Amino acid sequence: MCGIVGYIGDKDILSVLIVGLERLSYRGYDSAGIAVVSDDEISVWKHPGKVHRLAKDLETTTSHARVGIGHTRWATHGIPNDINAHPHCDAQRRFAIVHNGIIENYMSLRSELVKEGFLFRTQTDSEVIVHLVDKYYNGSLRDAVTQTVKRLEGSYAFCVVSALHDNHMIVARKNSPIIVGLGKDENYVSSDVNALVAQTKRVVYLEEETIAVLSDQSVEMYDFSGQPRAHTVSEVNWTAERSEKNGYDHFMQKEIHEQPSVVRTILDTYVKNNEIVFPKLSFSTKDLKNMSRLIIQACGTSWHAGLIGKYLIEELGRVPTEVDISSEFRYRRLLSHADEIVVAISQSGETADTLACIREAKSKYFSILSFVNTEGSSIDRESDGVIYTACGPEIGVASTKNYIGQLITLYLFSLHLGRIRNMISDDVYQKHIHDIKALPVAIENVIAQAPAIKTMMARYYSAKSIIFIGRGLNYPTALEGALKLKELSYMHATGYPAGELKHGPIALIDDNLPVVGIVPKTATYKKMMSNIQEVKARGGRLILIATEGDTVAKQLTDDVIYIPPISDELSPVLAVIPLQLMAYYIALNLGCDVDQPRNLAKSVTVE
Ligand code: M6R
């Protein structure tokens, strides 16, 4: 949600800020803006819409400024127009700020500041920050920010520059992520590492309630009471090339094609001599043996991975497991017992609801295990144990390769539990390891069907709605197929457990409604096929995801996408790939922006 960049140094500031914003634009793309300080003045450029529109405005503009900030917005308060676009300035343009988060007490602050004569121009919550800085300024920008944060409630990462101080900028953080990138004679600010990796690999993740003062030569950290705070420098191992399209038309297409290598990387990382090893799991064998319950909580696609994780953990690890949507989990009474672990699953590691849940669970003395893609993220740092999904940067707003990474790491974790808890024999354990090693080639076979899926989808993109049905481990696959289609194509879609159709949704079936049946040869195959027959009997247009060699599927419809034979436990990995490709091609047929669908943001850092 909203991306922030900042720069101080000798490089061409406009291009550094624009490139940074472009790399963060998956965090929000309602408007973009930058502010720079030169000759004791602040210059501001803003444009509604995506960053490239602002970049176009600036094509012929030059600046010799050495300090500046930028913002790409996901609107929360105020419509996405140029007035509400960040940066926001005070009336005399002495200060400019960019903000990510929500200031929850902005209404009362705004009334107070209006009474005191401060002039508001926007409908945003963020504007109060700049007026508070103005109000408290008495010669020191850091002091003004220290006074300001004492007044703010909610979540924020913000960055301030001043026409009165062209040699430094100030950053503050509470409940929203922000990172400082360290250079030689220059320093950077960014909401996440993606905007930084092209410039520097040395970063500092700001701790909660920290104020940072950046010059081109130094970075100082303070807590909210103004006391100096030590900081740790981390090395990022992502390369800038991993955040490029590398010849693909879209990031999503590239990320779908990276899925075989994601599985290979995870195997290289966690399977040593056919044994599963998690270096940062942190829980002892005794903890894992005695564990009485796991409670998984996550959002969106990560929640779907969690639903499959429950099946795997209960089947292979034999630990009772619950799964909650994070935004719901927070509001239920959490009854804590000894030996229970709360699990967070998150690509970004910054999802506000998921993060809030782990904080809530920690306050009730639960231990926290996280499955996270982004190293150094808040969820990574605040968890007791971590298993990285090791997918590298995922830029497409619709999650694809990271979902596969989540499924594979949950599968390995379940196997690991089963082994430690003596629930599976050595032979069975080795059979599972063998199956997973065969997976990358099987995924390649499914992806190779992309041209055929593209042709097939040309017959479906004009549908008003699509229903996805599955059972058991592939009921969450149905949910994921429907989510991908909704977010990419804006077409109504719903995922249903196939056995529930007859309890109501079957009333929707007619000869206009496409129904995607996920029918690999698993334990629920026969029951699934009965449900498919029920749909066919009512004229539904069937698309089936079936196992190679399934001749019955072909008798039911011409539109069958085959996946290679696979174990029940790994079937969701192969079955979801045709659904990703279906959503991708339907969205392209409808002229949708597949990498940056409307109204969405990659990293949802507000609750
Ligand atoms: O970063 P997270 O995994 O915590 O994000 C959770 C959801 O916001 C995310 O999966 C979202 O549903 C995606 N757009 C789905 O493609």
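Only a predicted model underlies this, so the values are computations on that prediction, with no experimental measurement involved.

Rules used in this analysis
- Residues numbered from 1 in each chain as written.
- Predicted model: local features only at pLDDT ≥ 70, side-chain atom pairs only at ≥ 80, totals over all residues.
- Heavy atoms only, no water.
- Salt bridge = Lys/Arg side-chain N within 4 Å of Asp/Glu carboxyl O.
- Helix = DSSP H or I, 4+ residues; strand = E, 2+ residues; numbered from the N terminus.
- Buried < 20%, exposed > 50% of the residue type's maximum accessible area, 1.4 Å probe, protein only.
- Pairing = 2+ DSSP bridges.
- Expected span 1.5 Å × (residues − 1).
- 1 Å grid on protein atoms, 1.4 Å probe; cavity = no way out; pocket = protein on both sides within 12 Å on 5 of 7 lines; lining within 4 Å.
- Points joined across faces, edges and corners; volume = space filled by probe spheres on them.
- Nonpolar A, V, L, I, M, F, W, Y, C, P; charged D, E, K, R; others polar.
- Domains from an automatic or database assignment.
- Contact = heavy atoms within 4.5 Å.
- Buried area = accessible area lost by both parts, 1.4 Å probe.
- Polar contact = N/O pair within 3.5 Å; in protein donor to acceptor, adjacent residues only side chain to side chain.
- Core = buried A, V, L, I, M, F, W, Y, C linked by side-chain atoms within 4.5 Å.
- Axes fitted to C-alpha atoms, helices over the stretch in contact; angles between N-to-C directions.
- Parallel < 35°, antiparallel > 145°, perpendicular 65-115°, else oblique.
- Left-handed = near helix turned anticlockwise from the far one by under 90°.
- Disulfide = S-S within 2.5 Å.

Looking now at the pattern of salt bridges. The full count for this structure, using the stated rule, is 31 salt bridges. For Asp10, the salt bridge goes to Arg66, with nearest N and O atoms at 2.7 Å. Here Asp10, found in the loop between β1 (3-8) and α1 (13-24), pairs with Arg66, found in the loop between α2 (51-57) and β4 (67-73); they are 56 residues apart in sequence, far enough to count as distant. By relative accessible area, which is 63% here, Asp10 ends up exposed. The class for Arg66 is partly exposed, based on a relative accessible area of 28%. In this structure, the salt-bridge partner of Asp593 is Lys50, at a minimum N-O distance of 2.2 Å. Of the two residues, Asp593 is situated in the segment after α20 (571-589) and Lys50 in the loop between β3 (41-48) and α2; the sequence distance between them amounts to 543 residues. Sharing partners across several salt bridges, the network here consists of Arg293, Glu322, Asp324, Arg332 and Glu340.

When you tally the buried positions in strand β24 (residues 514-519), you get six out of six residues, the bulk of the element. Across three bridges, the pairing between strand β22 (residues 465-470) and β24 is parallel. Across the sheet, residue Phe468 finds its bridge partner in β24, namely Val516. Of the strand pairs in this sheet, β24 and strand β25 (residues 541-547) are connected by six bridges, and their pairing is parallel. Looking at the pairing, Val515 lines up with Leu542 of β25.

Before going further, it helps to examine helix α17 (residues 475-489). Given a rise of 1.5 Å per residue, 15 residues ought to cover 21 Å, and the 21 Å separating the end C-alpha atoms of α17 matches this to within 8%. In terms of residue burial, α17 counts as a mostly covered element, since twelve of its 15 residues are buried. Tyr490 sits one or two positions beyond α17 and adopts a positive phi of about 65 degrees.

Our focus in this paragraph is the sheet that holds strand β2 (residues 31-38). As summarised here, the arrangement of the eight strands in space is β3-β2-β4-β1-β10-β9-β11-β14, forming an open sheet in which the pairing is antiparallel. Looking at the sheet topology across the chains shown, the edges are occupied by β3 and β14 (234-235).

It is worth spelling out empty space enclosed by the protein at this point. All chains considered together, the criterion is met by five cavities of 30 Å³ or more. The space that makes up the largest cavity amounts to roughly 200 Å³. What lines the largest cavity is a set of 24 residues, among which Tyr26, Asp192, Val193, Ser348 and Thr374 lie closest to the centre. For the lining of the largest cavity, a count of residues per class yields eight nonpolar, eight polar and eight charged. Both of domain 1 (2-241) and domain 2 (245-437) provide at least three residues apiece to the lining of the largest cavity.

The next point concerns the domain arrangement of the protein. Frequently, the measure chosen for interface size is the accessible area that the parts lose on association. Here the domain parsing of the protein yields domain 1 (2-241), domain 2 (245-437) and domain 3 (444-593). Taking only C-alpha atoms into account, the centre of domain 1 sits 33 Å from that of domain 2. Contacts between the two partners involve 13 residues from domain 1 and, on the opposite side, 14 residues from domain 2. For the domain 1 and domain 2 pair, buried surface summed over both sides reaches about 1,100 Å², with 51% attributable to carbon and sulfur atoms. There are one salt bridge connecting domain 1 and domain 2. Between Glu207 and Arg381 there is a salt bridge, and its shortest N-O distance comes to 3.9 Å. There are three residue pairs in polar contact (both at pLDDT 80 or more) connecting domain 1 and domain 2. Residue composition of the side of domain 1 that touches domain 2, by class: six nonpolar, three polar and four charged.

Counting residues in hydrophobic clusters, the biggest one holds 107 residues, and the most contacted among them are Ile408, Phe413 and Phe468. In terms of residues, this core owes the most to one element, α20, which gives 13 residues. The two domains that each donate at least three residues to this core are domain 2 (245-437) and domain 3 (444-593). Apart from the residues lying within four places of it in its own chain, the contact partners of Phe413 are Phe278, Leu281, Leu294, Ile313, Leu369, Phe371 and Ile387. Formed by 28 residues, the second largest nonpolar core is a distinct cluster that contains Phe95, Phe118, Phe120 and Val130.

Bringing the packing of helix α9 (residues 300-317) against helix α13 (residues 401-420) into the picture now. Packing of α9 against α13 brings their axes to within 9 Å, and their N-to-C directions diverge by 20 degrees. One element, α9, and the other, α13, form an angle in the roughly parallel class. Viewed along their axes, α9 and α13 form a crossing whose handedness is right-handed. In this structure, α9 contributes Thr301, Ser302, His304, Ala305, Gly306, Ile308, Gly309, Leu312, Ile313, Leu316 and Gly317 to the contact, and α13 contributes Tyr403, Gln406, Leu407, Leu410, Tyr411, Phe413, Ser414, Leu415, Leu417 and Gly418. Within the contact of α9 with α13, the residues separate by chemical class into twelve nonpolar, nine polar and no charged.

Here we take up the state of the cysteines. Tallying each qualifying case throughout the model produces zero disulfides. You can see Cys89 has no disulfide; the closest cysteine sulfur is in Cys159, sitting 13 Å from it.

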